[in-house]
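Structural features, examined
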Amino acid sequence: MSARLSSATRDVEERTTHWSGVFAMALCVFALIASEFMPVSLLTPIASDLQVSEGQAGQAIAVSGAFAVMTSLFISTLAGRLDRKVLLLSLTGVMAVSGTIVALAPNFLVFMIGRALIGVVIGGFWSMSAATAMQLVPEHDVPRALAIFNGGNALATVIAAPLGSFLGSIIGWHGAFFCLVPVAVIVFCWQMVSLPSMKADHVPGSGNLFRMLNRPLIALGLASAGLFFMGQFALFTYVRPFLETVTRVDASILSLVLLMIGVAGFVGTSLIGGFLKEGLYRTLIVIPVSMASIAAILIGFGEHLSVAVTVLGIWGLIGTAAPVGWWTWLAWSLPQDAEAGGGLMVAVIQLAITMGAVIGGALFDLGGYQTTFAASAVLLLIAAILAFLTSRRARVPSAYGAVCLWRRGRDSNPR
């Protein structure tokens, strides 16, 4: 009898486990992150070809972030009970359309329309990522599935910028963007055959998300996280024009520097767990202070290649890993509302990226890289102060609890 029950249990798990779908979603993450941040490595040729300033071209990051914010807050309500497989396929289709529009864009307006569409996909996908993993695999395999999702994110973070720069130097920025379209088509076909039907449960309205901001701990923490990402992307969006005009690197060296930043970020994400174990809030304070110092160093000594490469490597090491810390904080601060808080966190992050790119672009055009990098440093220092104030509102978790929460935060990291 027990053997039959054990066999039945295995049959249920086999019917409810869709690892092929998990890997299809990981490839989707790769294409999505690569599409989102491809303009960072192609800013100069995009601006030149579309006859706009580099600051205006940087708004390609801003517009995708703005549409991601709106989508993350309202997609669940708007989609209602629509089968999530249909919704995910629709979003993947929009990603392919977006890439095609951007690759063929004859002017800046059409280019920005394509970027707005990728923002819709970003907000929609990340808002549903955890819930999707829960429907693809049994409960005990959800962390593993989320880790695989995040593997696509990590891979894109490492290679998207240098690959974009390399392809842009060979086939132009139009061709570099178009290379992502076949990937999106492959993802669509793979999802079509690998994802099961995923019926949606009732989803409450977005008002529940905003009520969480009445809690001082949550409001302070989200404000700190938002200012951190704003400061980070106010600088990082304009790394290429800085390296080209101040450090004066050529295309091959630029690709290597961007690759180095990506690899350092991958390493940092792998190592941050030990620091979170020793002190979650200390890590959340030290990282933005360190990045503000790097911004100041680049202002004073950025013309020296060895200095620029070294500090940008450190920037990638700690900056890419920082979101893991903030997702760990969220999981600890909202243990009963982590999914709803996750939607709010996605909105905050994307809004911060948008504002960072807008502010950085405006300052870059008005006062050059020194003004942009100085503003980045100020924002990062304010983020550190707010992280300290957040720590005063919270009770630090045990070392064991911090490790468990780090693992959850790492697996759930959307950036």
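Note: the structure precedes this text.
The following refers to the structure shown. Treat the numbers as computed from the prediction; the structure is a model and nothing was measured.

1. Focus on the nonpolar core
Ranked by size, the top nonpolar core spans 128 residues in total, and within it Phe111, Phe177, Leu243, Leu298, Trp329 and Met345 carry the most contacts. Among residues more than four places away in sequence, those in contact with Leu298 are Leu235, Phe242, Ala308, Val311, Leu312, Tyr369 and Phe373.

2. Comments concerning helix α11 (residues 239–247)
Of all 9 residues in α11, 7 are buried, a share of seventy percent or more. Two residues or fewer after α11 comes Arg248, characterised by a positive phi angle close to 60 degrees.

3. Things to note about the packing of aromatic side chains
Under the defined criterion, the tally for this structure stands at 11 aromatic pairs. Residues Phe242 and Phe373 carry aromatic rings whose centres are separated by 5.1 Å and whose planes lie at 50 degrees to one another, so their mutual orientation is tilted. Residue Phe242 is found in helix α11, and its partner Phe373 is found in helix α16 (residues 338–393); the two are separated by 131 residues along the sequence. Here Phe242 and Phe373 have matching classes, each one buried. An angle of 75 degrees between the planes, with centres 5.7 Å apart, marks the rings of Tyr369 and Phe373 as edge-to-face. Of this pair, Tyr369 and Phe373 both sit in helix α16, 4 residues apart, which is roughly one turn of the helix. Assessed through its relative accessible area of 13%, Tyr369 is described here as buried.

4. Digging into the pattern of salt bridges
Applying the stated criterion across every chain yields a total of 1 salt bridge. One salt bridge connects Arg240 with Glu244, and the closest N-O pair in it is separated by 2.9 Å. With a gap of 4 residues between them, Arg240 and Glu244 both fall in helix α11, about one helical turn apart. The buried category is assigned to Arg240, whose relative accessible area is 10%.

5. Things to note about the environment of Ala292
Here Ala292 is to be found in helix α13 (residues 280–301). By relative accessible area, Ala292 is classed as buried at 6%. Along the primary structure Ala292 and Ala377 are separated by 85 residues, whereas in three dimensions their C-alpha atoms are 4.1 Å apart. Ignoring sequence-local partners within four residues, the contact set of Ala292 consists of Ala377, Leu380 and Leu381.

6. A look at empty space enclosed by the protein
Summed over the entire model, instances satisfying the criterion amount to 5 cavities of 30 Å³ or more. Within this model, the largest cavity holds a volume of roughly 360 Å³. Lining the largest cavity are 21 residues, and of these Phe37, Thr157, Phe233, Phe236 and Thr320 sit closest to its centre. Secondary structure elements with two or more residues in the lining of the largest cavity: α2 (19–50), α7 (142–178), α10 (216–236), α12 (251–278) and α14 (305–319). Here the element with the most residues in the lining of the largest cavity is α7; it accounts for 5 residues.

The rules behind each value
Numbering of residues starts from 1 in every chain and runs along the sequence as written. Reporting of local features is limited, given that this is a predicted model, to residues whose pLDDT is at least 70; pairs of side-chain atoms are given and counted only at 80 or more, and all residues count toward the totals for whole chains, interfaces and linings. Heavy atoms throughout the structure, all of them, feed into the side-chain values; hydrogens and water do not. We call a set of buried Ala, Val, Leu, Ile, Met, Phe, Trp, Tyr and Cys residues a nonpolar core when their side-chain atoms join them within 4.5 Å. Summary of the burial criterion: residues with accessible area below 20% of their type's maximum are buried, those above 50% are exposed, and those between are partly exposed, where the area comes from a 1.4 Å probe applied to protein chains only. Note on definitions: a residue-residue contact is assigned when non-hydrogen atoms from the two residues lie within 4.5 Å. The way it works is that DSSP assigns letters per residue, a run of H or I at least four long becomes a helix, a run of E at least two long becomes a strand, and they are numbered from the N terminus. Pairs were defined over the aromatic rings of Phe, Tyr and Trp, the Trp ring being its six-membered one, requiring ring centres within 6.5 Å. Orientation was assigned from the angle between planes: stacked under 30 degrees, edge-to-face over 60, tilted for the rest. The term salt bridge refers to a pairing of a side-chain nitrogen on Lys or Arg with a carboxyl oxygen on Asp or Glu at a separation within 4 Å. Both cavities and pockets are sets of points on a 1 Å grid over the protein atoms alone; in a cavity a 1.4 Å probe fits but cannot get out, in a pocket the set is open with protein on both sides within 12 Å along at least five of seven lines, and lining residues sit with an atom within 4 Å of a point. Grid points are joined across faces, edges and corners, and a volume is the space filled by probe spheres set on the points.

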